[in-house]
Amino acid sequence: MEGTNPVNKKLAAALSGGAVLVLALSGCSSDDGNKELDDWAKKVCDSVQPQSKKIADANAAIQQETSDNSSPADVQKTDSKAFQDMSDAYKAMGDSVKKAGAPPVDDGKKKTDDAVKELNAISTSYGDLKKQVDGLDTKNQADFADGLKDVAGELDKLSKSGNRALEKLQEGEVGKAMGRQDSCKSASATPSTKG
């Protein structure tokens, strides 16, 4: 079969659709903020940054593998490792946010608890995707492609549903404080534009 497996393309598209949260911060903030909140933001940003990189690397590995005309066994191996890495990274992010505690803002505790719950749920979902990929039959190209289609569908759902609580956590003052942290700016999925 010539060319790239269309299912692989679908998987890559679902991934680039943004199952990656990562802190989408513009870094436009110019006010001085408050020290307590800045300390909290620094703690979170510094510990989340390496996890964001891990997720981006895992995404890149899947995209790379799916853009080549790789064998099902290679795709399975790459995807399995990438989903495990993502699961670990989201779990570590949840732990980081939990450890940082509530930011000193209204509803800080609820926002933090919701974000931790969401990060752990995303971590579990990636763990489930890893199991799903591990269970695919690589000897039969058609069955494997069907299985990958299911994985891509799950991934798509995950990318649409995830990150709401995280966005809430980053509203208002908290987002501004995070925008002031270099480690959050470099963790941002988009290059920071000065606002």
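Going by the structure above, here's the rest.
Note that this is a predicted model, so its numbers are computed, not measured.

### Quick notes on the pattern of salt bridges
Inspection of the entire model under this criterion finds 15 salt bridges. A salt bridge links Asp128 to Lys131; its shortest N-O distance comes to 3.7 Å. You can see Asp128 and its partner Lys131 sitting in helix α4 (residues 108–134), 3 residues apart, about one turn around the helix. Of the residues examined, Lys131 reaches a relative accessible area of 60% and is grouped as exposed. One connected set of salt bridges, linked through shared partners, spans Lys111, Lys168 and Glu171.

### Looking at the state of the cysteines
A full pass over the atoms with the stated rule returns 1 disulfide. Across the disulfide from Cys45 sits Cys184; the S-S distance is 1.8 Å. Handedness of the Cys45-Cys184 disulfide follows from its S-S torsion of about -90 degrees: it is left-handed. Of this pair, Cys45 sits in helix α2 (residues 35–67) while Cys184 sits in helix α8 (residues 182–187); the two residues are 139 residues apart in sequence, bridging distant segments of the chain.

### A closer look at the nonpolar core
Most often, soluble globular proteins keep nonpolar side chains buried together rather than apart. Judged by nonpolar contacts, the single largest core of 33 residues is most densely connected at Trp40, Val44, Phe83, Tyr90, Tyr126, Leu129 and Met178. Of all the elements in the fold, those that place two or more residues in this core are α2, α3 (72–100), α4, α5 (141–161), α6 (164–169) and α7 (172–179). Broken down by element, this core gets its largest block of residues, 9 residues, from α2.

### Regarding α3
Over its 29 residues, α3 runs 42 Å from end to end, which matches the ideal 42 Å to within 8%, given 1.5 Å per residue. A positive phi of about 80 degrees marks Gly101, the residue just after α3.

### Examining unusual backbone geometry
Most of the time, phi is negative for any residue but glycine, and the peptide bond is trans. Positive phi, normally seen in glycine, also occurs at Asp107, with a value near 60 degrees. Positionally, Asp107 belongs in the loop between α3 and α4. Classification of Asp107 by relative accessible area gives exposed; the value is 54%.

### Concerning the side chain of Thr112
Within the element layout of this structure, Thr112 appears in helix α4. Note on Thr112: relative accessible area 4%, which makes it buried. Looking at Thr112, its side chain comes within polar contact range of the main-chain oxygen of Gly108, at 2.7 Å. Those residues within four positions of Thr112 in sequence are excluded, and the remaining contacts are Val97, Gly101, Ala102, Pro103 and Leu169.

### Section: the environment of Asp182
Relative to the helices and strands, Asp182 is located in helix α8. Look at Asp182 and you get exposed, because its relative accessible area is 60%. For the pair formed by Asp182 and Lys42, sequence separation is 140 residues and the distance between their alpha carbons is 8.5 Å.

### Quick look at the environment of Leu129
By secondary structure assignment, the location of Leu129 is in helix α4. Separated by 21 residues in sequence, Leu129 and Asp150 have C-alpha atoms that sit 9.7 Å apart.

Calculation notes
- Note on numbering: residues in each chain are counted from 1, in written sequence order.
- Residues qualify for local features only when their pLDDT is at least 70, as the model is predicted, and side-chain atom pairs are given and counted only at 80 or more; totals for whole chains, interfaces and linings, by contrast, use all residues.
- In computing side-chain properties, one takes all heavy atoms of the structure into account and sets aside hydrogens as well as water.
- When a carboxyl oxygen of Asp or Glu is within 4 Å of a side-chain nitrogen of Lys or Arg, the pair counts as a salt bridge.
- Counting from the N terminus, the helices are DSSP H or I runs at least four residues long and the strands are E runs at least two residues long.
- Under the scheme applied here, a residue whose accessible area is under 20% of the maximum for its type counts as buried, over 50% as exposed, and between as partly exposed, the area being computed with a 1.4 Å probe on protein chains only.
- Here, a disulfide means two cysteine sulfur atoms that sit within 2.5 Å of each other.
- Among buried residues, those of type Ala, Val, Leu, Ile, Met, Phe, Trp, Tyr and Cys that are joined through side-chain atoms within 4.5 Å constitute a nonpolar core.
- Multiplying 1.5 Å by the helix residue count minus one yields the expected span of that helix.
- Each polar contact in these results corresponds to two N or O atoms within 3.5 Å; when the atoms are within protein, one needs to be able to donate a hydrogen and the other to accept it, and residues that are neighboring in sequence are counted only if both atoms are side-chain atoms.
- By the convention used here, residues are in contact when the closest approach between their heavy atoms is within 4.5 Å.

Geometric values such as these leave the question of function open.
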